[in-house]
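Observations on the model geometry
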Amino acid sequence: MAYRTSKITTLSSKNNRATSVLMIYTGGTLGMVYDSKNKSLVPFNFDEILTNVPELHRLEFELTILTLEKPIDSSNMNPKNWVEIAKIVYDNFEEFDAFVILHGTDTMAYTASALSFLLENLSKPVILTGAQLPIGIARTDARENLITALEIASAKINGRPIIPEVAIYFNSYLLRGNRAKKKESSQFNAFRSENYPNLAEVGVTIDYNFPFIRAYRTDLPLQLHENLNHNVVILKLFPGIKQNLIHNIFNTSELKGVVLETYGAGNAPSEGWFLEELKEAIDEGIVIFNVSQCDGGRVLQGTYQTSRKLLEIGVVSGSDITTEAAITKMMFLLGKEDSYERVKFNLETDICGEMSV
Ligand code: ASP
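Every chain begins its residue count from 1, and numbering advances along the sequence as written. Per-residue local features of the predicted model are confined to residues with pLDDT of at least 70, and side-chain atom pairs are confined, for both listing and counting, to 80 or more; whole-chain, interface and lining totals are unaffected and use all residues. Hydrogens and water are ignored here; the side-chain numbers use all heavy atoms of the structure.

A few words on helix 3 (residues 108-118). Note on classification: 1.4 Å probe, protein chains only; a residue is buried when its accessible area is under 20% of the maximum for its type, exposed when over 50%, partly exposed between these limits. In this description a helix means any DSSP run of H or I spanning at least four residues, a strand means any run of E spanning at least two, and both kinds are numbered starting from the N terminus. Taking burial as the measure, the eleven residues of helix 3 include ten buried ones, the bulk of the element. Looking at helix 3, one finds that the buried residues are M108, A109, T111, A112, S113, A114, L115, S116, F117 and L118.

Have a look at this one:
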(Lines give C-alpha, C1' and ligand atoms only; values in the text may rest on other atoms or scores of the structure.)
Protein backbone atom coordinates (compact mmCIF):
# COMPACT_ATOMS: atom_id res chain seq x y z
CA MET A 1 0.00 0.00 0.00
CA ALA A 2 1.61 3.27 -1.06
CA TYR A 3 1.52 6.07 1.50
CA ARG A 4 3.35 9.13 2.73
CA THR A 5 3.88 10.47 6.24
CA SER A 6 4.14 13.97 7.63
CA LYS A 7 4.76 15.27 11.13
CA ILE A 8 2.51 17.96 12.56
CA THR A 9 4.10 20.59 14.76
CA THR A 10 2.18 20.41 18.03
CA LEU A 11 2.60 21.98 21.46
CA SER A 12 4.58 18.93 22.49
CA SER A 13 6.94 18.88 19.55
CA LYS A 14 9.86 20.05 21.64
CA ASN A 15 9.14 17.69 24.52
CA ASN A 16 10.65 14.40 23.45
CA ARG A 17 8.95 12.52 26.30
CA ALA A 18 5.51 13.30 24.93
CA THR A 19 3.14 10.58 23.80
CA SER A 20 3.38 9.92 20.08
CA VAL A 21 0.36 9.09 17.95
CA LEU A 22 0.29 7.82 14.37
CA MET A 23 -2.89 8.87 12.56
CA ILE A 24 -3.62 6.79 9.47
CA TYR A 25 -5.94 8.36 6.91
CA THR A 26 -7.63 5.74 4.72
CA GLY A 27 -10.51 7.83 3.29
CA GLY A 28 -14.24 8.09 3.98
CA THR A 29 -16.63 11.02 4.31
CA LEU A 30 -14.48 12.71 6.97
CA GLY A 31 -11.95 13.70 4.32
CA MET A 32 -14.26 14.15 1.35
CA VAL A 33 -15.17 17.18 -0.73
CA TYR A 34 -17.96 17.73 -3.20
CA ASP A 35 -16.79 17.23 -6.77
CA SER A 36 -19.13 19.29 -8.95
CA LYS A 37 -17.94 17.54 -12.11
CA ASN A 38 -18.92 14.08 -10.81
CA LYS A 39 -21.77 15.50 -8.71
CA SER A 40 -20.67 13.33 -5.75
CA LEU A 41 -18.37 13.25 -2.71
CA VAL A 42 -14.78 12.22 -3.47
CA PRO A 43 -11.72 11.94 -1.17
CA PHE A 44 -9.74 15.21 -0.84
CA ASN A 45 -6.04 15.86 -0.42
CA PHE A 46 -5.52 15.18 3.28
CA ASP A 47 -2.62 17.60 3.41
CA GLU A 48 -5.36 20.21 3.72
CA ILE A 49 -6.32 18.79 7.13
CA LEU A 50 -4.54 21.56 9.00
CA THR A 51 -6.53 24.22 7.21
CA ASN A 52 -9.70 22.50 8.41
CA VAL A 53 -8.59 21.50 11.91
CA PRO A 54 -6.00 24.05 13.06
CA GLU A 55 -6.62 22.78 16.63
CA LEU A 56 -4.26 19.89 15.79
CA HIS A 57 -1.38 22.30 16.45
CA ARG A 58 -2.57 22.70 20.04
CA LEU A 59 -2.34 19.01 20.92
CA GLU A 60 -0.25 17.97 23.89
CA PHE A 61 1.24 15.00 22.07
CA GLU A 62 3.29 14.33 18.96
CA LEU A 63 1.25 13.66 15.90
CA THR A 64 2.39 11.99 12.70
CA ILE A 65 -0.04 11.62 9.81
CA LEU A 66 0.17 8.76 7.37
CA THR A 67 -1.96 9.24 4.25
CA LEU A 68 -2.72 6.47 1.80
CA GLU A 69 -1.68 7.43 -1.71
CA LYS A 70 -5.20 6.58 -2.87
CA PRO A 71 -7.74 7.23 -0.07
CA ILE A 72 -10.88 5.17 -0.56
CA ASP A 73 -14.55 5.21 0.18
CA SER A 74 -14.80 2.39 2.71
CA SER A 75 -17.28 0.54 0.50
CA ASN A 76 -14.15 -0.38 -1.47
CA MET A 77 -12.35 -1.86 1.55
CA ASN A 78 -11.29 -5.48 1.20
CA PRO A 79 -9.37 -8.11 3.18
CA LYS A 80 -6.12 -7.17 1.41
CA ASN A 81 -6.51 -3.58 2.69
CA TRP A 82 -7.15 -4.85 6.24
CA VAL A 83 -3.90 -6.80 6.21
CA GLU A 84 -2.07 -3.75 4.84
CA ILE A 85 -3.49 -1.49 7.58
CA ALA A 86 -2.62 -4.08 10.25
CA LYS A 87 0.89 -4.23 8.82
CA ILE A 88 1.27 -0.45 9.04
CA VAL A 89 0.35 -0.66 12.75
CA TYR A 90 2.69 -3.61 13.23
CA ASP A 91 5.63 -1.98 11.43
CA ASN A 92 5.24 1.23 13.47
CA PHE A 93 4.35 -0.42 16.77
CA GLU A 94 7.61 0.26 18.58
CA GLU A 95 7.86 3.85 17.38
CA PHE A 96 4.39 5.08 18.41
CA ASP A 97 2.33 4.91 21.60
CA ALA A 98 -1.05 4.86 19.89
CA PHE A 99 -2.81 4.68 16.52
CA VAL A 100 -5.86 6.48 15.17
CA ILE A 101 -7.36 5.25 11.91
CA LEU A 102 -9.59 7.60 9.92
CA HIS A 103 -11.99 5.43 7.98
CA GLY A 104 -15.34 5.62 6.20
CA THR A 105 -18.26 4.65 8.39
CA ASP A 106 -19.82 2.17 5.95
CA THR A 107 -17.44 -0.71 6.64
CA MET A 108 -15.69 0.63 9.74
CA ALA A 109 -17.12 -2.12 11.97
CA TYR A 110 -15.77 -4.80 9.59
CA THR A 111 -12.30 -3.22 9.55
CA ALA A 112 -12.27 -2.81 13.34
CA SER A 113 -13.27 -6.47 13.75
CA ALA A 114 -10.67 -7.67 11.26
CA LEU A 115 -7.90 -5.65 12.93
CA SER A 116 -8.80 -7.07 16.33
CA PHE A 117 -8.06 -10.57 14.98
CA LEU A 118 -5.04 -9.67 12.84
CA LEU A 119 -3.21 -7.86 15.69
CA GLU A 120 -2.78 -10.55 18.33
CA ASN A 121 -1.60 -9.50 21.82
CA LEU A 122 -2.31 -5.83 21.10
CA SER A 123 -1.18 -3.66 24.02
CA LYS A 124 -1.66 -0.15 22.58
CA PRO A 125 -4.74 1.81 21.44
CA VAL A 126 -5.94 1.45 17.86
CA ILE A 127 -8.91 3.82 17.60
CA LEU A 128 -11.00 4.09 14.45
CA THR A 129 -13.12 7.11 13.72
CA GLY A 130 -14.77 8.92 10.83
CA ALA A 131 -17.65 11.29 10.25
CA GLN A 132 -21.13 11.60 8.81
CA LEU A 133 -20.36 15.03 7.31
CA PRO A 134 -17.15 16.06 5.52
CA ILE A 135 -14.66 18.07 7.54
CA GLY A 136 -15.00 21.15 5.33
CA ILE A 137 -18.68 21.62 6.20
CA ALA A 138 -19.44 24.04 9.05
CA ARG A 139 -21.78 21.65 10.88
CA THR A 140 -19.42 18.68 10.53
CA ASP A 141 -19.08 16.02 13.22
CA ALA A 142 -15.57 15.25 11.93
CA ARG A 143 -13.71 17.74 14.12
CA GLU A 144 -15.09 16.45 17.44
CA ASN A 145 -14.69 12.79 16.44
CA LEU A 146 -11.13 13.35 15.28
CA ILE A 147 -9.90 15.37 18.26
CA THR A 148 -11.57 13.13 20.87
CA ALA A 149 -10.33 9.93 19.19
CA LEU A 150 -6.80 11.37 19.36
CA GLU A 151 -7.24 12.35 22.99
CA ILE A 152 -8.52 8.88 23.95
CA ALA A 153 -5.71 7.20 22.01
CA SER A 154 -3.08 9.21 23.86
CA ALA A 155 -4.64 8.77 27.32
CA LYS A 156 -2.53 6.93 29.86
CA ILE A 157 -2.65 6.09 33.55
CA ASN A 158 0.68 5.51 35.28
CA GLY A 159 2.37 5.36 31.91
CA ARG A 160 0.06 2.62 30.61
CA PRO A 161 -2.48 3.17 27.82
CA ILE A 162 -6.08 3.26 29.03
CA ILE A 163 -7.47 1.57 25.90
CA PRO A 164 -5.10 -1.21 24.81
CA GLU A 165 -7.46 -2.55 22.15
CA VAL A 166 -9.13 -1.86 18.81
CA ALA A 167 -12.06 0.51 19.41
CA ILE A 168 -14.37 2.83 17.49
CA TYR A 169 -14.93 6.36 18.72
CA PHE A 170 -18.00 8.08 17.33
CA ASN A 171 -20.39 10.76 18.52
CA SER A 172 -19.54 10.66 22.25
CA TYR A 173 -19.16 6.90 22.58
CA LEU A 174 -16.15 4.64 22.57
CA LEU A 175 -17.09 1.10 21.58
CA ARG A 176 -15.14 -2.12 21.40
CA GLY A 177 -14.35 -2.42 17.69
CA ASN A 178 -15.48 -6.01 17.24
CA ARG A 179 -18.76 -5.33 19.08
CA ALA A 180 -19.78 -2.27 17.07
CA LYS A 181 -22.31 -2.02 14.23
CA LYS A 182 -23.19 0.85 11.92
CA LYS A 183 -26.80 1.59 12.87
CA GLU A 184 -27.52 4.94 11.34
CA SER A 185 -26.74 6.72 8.08
CA SER A 186 -28.46 10.08 8.67
CA GLN A 187 -28.07 11.01 12.34
CA PHE A 188 -24.67 11.58 13.87
CA ASN A 189 -24.92 8.58 16.21
CA ALA A 190 -23.77 6.10 13.56
CA PHE A 191 -22.55 3.24 15.77
CA ARG A 192 -23.89 1.12 18.59
CA SER A 193 -22.71 -1.86 20.56
CA GLU A 194 -25.81 -3.75 21.57
CA ASN A 195 -24.25 -6.68 23.41
CA TYR A 196 -21.28 -5.08 25.16
CA PRO A 197 -21.10 -1.94 27.32
CA ASN A 198 -19.52 1.25 25.95
CA LEU A 199 -15.82 1.53 26.82
CA ALA A 200 -16.17 5.25 27.46
CA GLU A 201 -18.76 8.01 27.33
CA VAL A 202 -17.71 11.51 26.43
CA GLY A 203 -19.24 14.74 27.67
CA VAL A 204 -17.53 17.47 29.61
CA THR A 205 -15.26 14.70 30.88
CA ILE A 206 -14.26 11.37 29.34
CA ASP A 207 -15.69 8.66 31.58
CA TYR A 208 -13.96 5.34 31.06
CA ASN A 209 -15.81 2.14 31.85
CA PHE A 210 -12.74 0.46 33.35
CA PRO A 211 -14.17 -2.99 34.22
CA PHE A 212 -15.05 -3.55 30.55
CA ILE A 213 -11.77 -2.44 28.99
CA ARG A 214 -9.68 -5.35 27.84
CA ALA A 215 -6.76 -6.40 30.02
CA TYR A 216 -3.46 -7.02 28.24
CA ARG A 217 -0.18 -8.74 28.91
CA THR A 218 3.06 -6.87 28.48
CA ASP A 219 5.15 -10.04 28.23
CA LEU A 220 3.59 -11.16 24.94
CA PRO A 221 4.85 -9.51 21.76
CA LEU A 222 2.46 -8.18 19.15
CA GLN A 223 1.83 -10.80 16.50
CA LEU A 224 0.68 -9.92 12.99
CA HIS A 225 -1.50 -12.34 11.04
CA GLU A 226 -1.52 -11.79 7.30
CA ASN A 227 -3.69 -14.56 5.98
CA LEU A 228 -7.41 -14.06 5.49
CA ASN A 229 -9.45 -16.59 3.52
CA HIS A 230 -12.48 -14.85 2.06
CA ASN A 231 -14.14 -17.87 0.46
CA VAL A 232 -17.08 -17.14 2.74
CA VAL A 233 -20.61 -15.82 2.53
CA ILE A 234 -23.27 -14.20 4.74
CA LEU A 235 -26.61 -15.87 4.14
CA LYS A 236 -29.60 -14.07 5.63
CA LEU A 237 -32.71 -16.21 6.05
CA PHE A 238 -36.15 -14.87 5.15
CA PRO A 239 -39.55 -16.54 5.08
CA GLY A 240 -39.91 -18.05 1.60
CA ILE A 241 -36.20 -18.59 0.90
CA LYS A 242 -35.94 -21.16 -1.88
CA GLN A 243 -34.04 -24.43 -1.89
CA ASN A 244 -32.30 -23.81 -5.23
CA LEU A 245 -30.89 -20.55 -3.92
CA ILE A 246 -29.47 -22.21 -0.81
CA HIS A 247 -28.29 -25.18 -2.86
CA ASN A 248 -26.44 -22.95 -5.32
CA ILE A 249 -24.80 -20.89 -2.58
CA PHE A 250 -23.62 -23.98 -0.70
CA ASN A 251 -22.27 -25.45 -3.92
CA THR A 252 -20.23 -22.39 -4.87
CA SER A 253 -16.75 -23.62 -5.77
CA GLU A 254 -14.12 -23.13 -3.03
CA LEU A 255 -16.71 -22.00 -0.47
CA LYS A 256 -15.32 -22.71 3.01
CA GLY A 257 -17.64 -20.94 5.44
CA VAL A 258 -21.15 -19.55 5.83
CA VAL A 259 -22.34 -17.01 8.38
CA LEU A 260 -26.00 -17.97 8.62
CA GLU A 261 -28.15 -15.07 9.83
CA THR A 262 -31.02 -16.82 11.58
CA TYR A 263 -34.11 -15.56 13.42
CA GLY A 264 -34.29 -14.58 17.10
CA ALA A 265 -32.29 -16.85 19.39
CA GLY A 266 -30.80 -18.75 16.43
CA ASN A 267 -33.88 -20.33 14.88
CA ALA A 268 -34.30 -21.55 11.30
CA PRO A 269 -36.90 -23.47 9.27
CA SER A 270 -37.24 -27.10 10.36
CA GLU A 271 -38.19 -28.30 6.88
CA GLY A 272 -36.37 -31.45 5.76
CA TRP A 273 -34.86 -29.99 2.58
CA PHE A 274 -33.37 -27.06 4.45
CA LEU A 275 -31.64 -29.20 7.06
CA GLU A 276 -30.49 -31.62 4.34
CA GLU A 277 -28.80 -28.80 2.41
CA LEU A 278 -27.03 -27.63 5.58
CA LYS A 279 -26.00 -31.16 6.54
CA GLU A 280 -24.61 -31.87 3.07
CA ALA A 281 -22.57 -28.65 3.18
CA ILE A 282 -21.17 -29.52 6.62
CA ASP A 283 -20.28 -33.02 5.40
CA GLU A 284 -18.39 -31.36 2.52
CA GLY A 285 -16.29 -29.45 5.09
CA ILE A 286 -18.09 -26.09 4.94
CA VAL A 287 -18.35 -24.53 8.38
CA ILE A 288 -21.69 -22.88 9.22
CA PHE A 289 -21.76 -20.19 11.92
CA ASN A 290 -25.16 -19.31 13.40
CA VAL A 291 -25.58 -15.56 14.02
CA SER A 292 -28.86 -13.86 14.89
CA GLN A 293 -30.61 -11.25 12.76
CA CYS A 294 -31.41 -9.51 16.08
CA ASP A 295 -28.78 -7.00 17.16
CA GLY A 296 -29.42 -7.61 20.85
CA GLY A 297 -29.48 -10.96 22.65
CA ARG A 298 -27.77 -14.18 21.70
CA VAL A 299 -28.02 -17.44 19.80
CA LEU A 300 -28.99 -20.32 22.06
CA GLN A 301 -29.13 -23.40 19.84
CA GLY A 302 -31.49 -25.96 21.32
CA THR A 303 -33.89 -23.64 23.13
CA TYR A 304 -36.51 -24.10 20.41
CA GLN A 305 -37.08 -27.19 18.33
CA THR A 306 -36.28 -25.01 15.28
CA SER A 307 -32.70 -24.61 16.45
CA ARG A 308 -32.15 -27.99 18.12
CA LYS A 309 -31.72 -29.61 14.70
CA LEU A 310 -29.03 -27.06 13.76
CA LEU A 311 -27.11 -28.09 16.86
CA GLU A 312 -27.51 -31.77 16.01
CA ILE A 313 -26.13 -31.46 12.47
CA GLY A 314 -23.08 -29.48 13.61
CA VAL A 315 -23.92 -25.81 13.01
CA VAL A 316 -21.65 -23.65 15.22
CA SER A 317 -23.30 -21.21 17.64
CA GLY A 318 -22.27 -17.55 17.29
CA SER A 319 -23.64 -16.54 20.70
CA ASP A 320 -23.93 -12.71 20.73
CA ILE A 321 -21.35 -11.96 18.02
CA THR A 322 -22.12 -9.32 15.39
CA THR A 323 -22.30 -10.35 11.74
CA GLU A 324 -19.31 -8.06 11.06
CA ALA A 325 -17.17 -9.80 13.68
CA ALA A 326 -18.47 -13.24 12.63
CA ILE A 327 -17.49 -12.92 8.97
CA THR A 328 -14.04 -11.48 9.70
CA LYS A 329 -13.42 -14.07 12.44
CA MET A 330 -14.29 -16.77 9.94
CA MET A 331 -11.89 -15.32 7.32
CA PHE A 332 -9.19 -15.15 9.99
CA LEU A 333 -9.64 -18.71 11.25
CA LEU A 334 -9.95 -20.20 7.76
CA GLY A 335 -6.71 -18.42 6.87
CA LYS A 336 -4.94 -19.64 10.00
CA GLU A 337 -6.15 -23.10 10.90
CA ASP A 338 -5.82 -26.12 8.69
CA SER A 339 -8.40 -28.42 10.22
CA TYR A 340 -12.17 -28.08 10.19
CA GLU A 341 -12.28 -29.05 13.86
CA ARG A 342 -9.84 -26.25 14.86
CA VAL A 343 -11.85 -23.66 12.91
CA LYS A 344 -15.04 -24.88 14.56
CA PHE A 345 -13.52 -24.94 18.04
CA ASN A 346 -12.08 -21.42 17.72
CA LEU A 347 -15.26 -19.98 16.22
CA GLU A 348 -17.01 -20.96 19.44
CA THR A 349 -14.20 -19.54 21.57
CA ASP A 350 -13.86 -15.87 22.51
CA ILE A 351 -10.56 -14.78 20.90
CA CYS A 352 -10.37 -11.05 21.64
CA GLY A 353 -13.58 -9.97 23.34
CA GLU A 354 -15.82 -10.38 20.29
CA MET A 355 -18.37 -12.66 21.92
CA SER A 356 -19.69 -13.76 25.29
CA VAL A 357 -19.27 -17.48 25.89
N1 ASP B 1 -19.30 6.04 1.96
C2 ASP B 1 -18.56 6.59 3.08
C3 ASP B 1 -17.52 5.57 3.49
O4 ASP B 1 -17.81 4.67 4.21
C5 ASP B 1 -19.46 6.93 4.18
C6 ASP B 1 -18.78 7.52 5.40
O7 ASP B 1 -17.59 7.69 5.49
O8 ASP B 1 -19.52 7.87 6.33
O9 ASP B 1 -16.40 5.66 3.10
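What follows concerns the site of the ligand. Near the ligand you find G28, T29, D73, S74, G104, T105, D106 and A131, and these make up its full shell. The contact in question runs from a nitrogen atom of the ligand to an N or O atom on the side chain of D73, over 2.9 Å. Pairs of N or O atoms are called polar contacts if they sit within 3.5 Å, as long as, within protein, a hydrogen donor faces a hydrogen acceptor (for residues adjacent in sequence, only side-chain-to-side-chain pairs). S74 is positioned with one of its side-chain polar atoms (N or O) 2.5 Å from an oxygen atom of the ligand. Protein chains bury 90% of the 270 Å² of accessible surface belonging to the ligand in isolation. Looking at the shell around the ligand residue by residue, the class counts come to one nonpolar, five polar and two charged. For this description, a residue counts as near a given molecule or strand if any of its non-hydrogen atoms is within 4 Å of it. All accessible-area figures derive from a Shrake-Rupley calculation using a 1.4 Å probe, and residue coverage is judged against the displayed protein chains alone. Any residue that is not Ala, Val, Leu, Ile, Met, Phe, Trp, Tyr, Cys, Pro, Asp, Glu, Lys or Arg is counted as polar, Gly included; the first ten are nonpolar and the last four charged.

The subject of this paragraph is the pairing of strand 2 (residues 20-25). Within strand 2, six of the six residues are buried, which leaves it mostly tucked inside the rest of the structure. On strand 2, burial covers both faces: S20, L22 and I24 on one face and V21, M23 and Y25 on the other are all buried.

It is characteristic of soluble globular proteins that their nonpolar side chains tend to be buried jointly. Remark: nonpolar core denotes a set of buried residues (Ala, Val, Leu, Ile, Met, Phe, Trp, Tyr, Cys) joined through side-chain atoms within 4.5 Å. Ranked by internal contacts, the top residues of the largest apolar core, which has 56 residues, are L115, L119 and V126. Those residues in contact with L119 that sit more than four places away from it in its chain are A86, V89, V126, L222, Q223 and L224. One finds I8, V100, A153 and V202 within the second-largest nonpolar core, a separate group that totals 39 residues. A contact between two residues is defined here by any heavy atoms of the two lying within 4.5 Å.

Quick look at the packing of helix 2 (residues 79-91) against helix 3 now. To get an axis, fit a line to the C-alpha atoms, keeping to the stretch in contact for a helix; angles then go from 0 to 180 degrees between the N-to-C directions. Between helix 2 and helix 3, the shortest axis-to-axis distance is 10 Å and the interhelical angle comes to 55 degrees. Accordingly, the angle class assigned to the pair helix 2 and helix 3 is oblique. As helix 2 packs across helix 3, the resulting crossing turns out to be right-handed. Contacts between helix 2 and helix 3 involve W82, V83, I85 and A86 from the former and Y110, T111, A114, L115 and L118 from the latter. Across the contact of helix 2 with helix 3, the residue classes break down as eight nonpolar, one polar and no charged. Under this scheme an angle from 65 to 115 degrees is roughly perpendicular, one under 35 degrees roughly parallel, and one over 145 degrees roughly antiparallel; angles in between are oblique. Should the near helix be turned anticlockwise from the far one by less than a right angle, the crossing is termed left-handed; should it be turned clockwise, right-handed.

Moving on, we come to the sheet that holds strand 19 (residues 257-262). With parallel pairing, the four strands of this open sheet are ordered in space as 18-19-20-21. With partners counted over all chains shown, the strands left at the sheet margins are strand 18 (232-236) and strand 21 (316-317), one partner each. Should DSSP find at least two bridges between two strands, the strands are taken to pair. Direction of pairing for strand 18 relative to strand 19: parallel, over a ladder of five bridges. Across the sheet, residue K236 finds its bridge partner in strand 19, namely E261. Here helix 9 (residues 340-347) sits on the sheet in contact with strand 20 (287-292) and strand 21, set at roughly 15 degrees to strand 20.

This part covers the sheet that holds strand 5 (residues 62-68). The pairing of strands in a sheet comes from backbone hydrogen bonds and takes either a parallel or an antiparallel form. Read across the open sheet, the nine strands follow the order 1-5-2-6-8-11-12-15-16; overall the sheet is mixed. Single-partner strands in this sheet number two, and they are strand 1 (3-8) and strand 16 (206-208). For this sheet the average axis-to-axis angle between neighbouring strands, irrespective of direction, equals 20 degrees. Note that strand 2 and strand 5 share six bridges and pair parallel. Across the sheet, V21 pairs through a bridge with L63, a residue of strand 5.

Assignment of secondary structure puts A131 in the loop between strand 8 (126-129) and helix 4 (142-154). Each C-alpha atom, one on A131 and one on T29, is 6.0 Å from the other, the two residues being 102 residues apart in sequence. Excluding anything up to four places from it in sequence, A131 contacts T29, L30, T105, D141, A142, N145 and F170.

Our focus in this paragraph is the pattern of salt bridges. Within this document, salt bridges are pairs made up of a side-chain nitrogen of Lys or Arg and a carboxyl oxygen of Asp or Glu, the two lying within 4 Å of each other. Going through the model one piece at a time under the given rule, you end up with 16 salt bridges. A salt bridge links D91 to K87; the nearest nitrogen and oxygen atoms lie 3.2 Å apart. Taken together, the residues D91 and K87, both in helix 2 and four residues apart, mark about one turn of the helix. Using a relative accessible area of 34% as the deciding quantity, one classes K87 as partly exposed. A salt bridge links D219 to R217; the shortest N-O distance between them is 2.8 Å. Residue D219 is classed as exposed on the basis of its relative accessible area, which comes to 52%.

A separate point is the packing of aromatic side chains. Only Phe, Tyr and Trp rings take part, Trp by its six-membered ring, and two of them pair if their centres are within 6.5 Å. Stacked means planes under 30 degrees apart, edge-to-face means over 60, and tilted covers everything else. Tallying each qualifying case throughout the model produces seven aromatic pairs. Between F117 and F332, the aromatic rings sit 5.7 Å apart at their centres with planes inclined by 20 degrees, giving stacked as the arrangement. Taken together, the positions of F117 in helix 3 and F332 in helix 8 (residues 323-336) put the pair 215 residues apart, joining distant regions of the chain. As far as burial versus exposure is concerned, F117 and F332 are alike and both buried.

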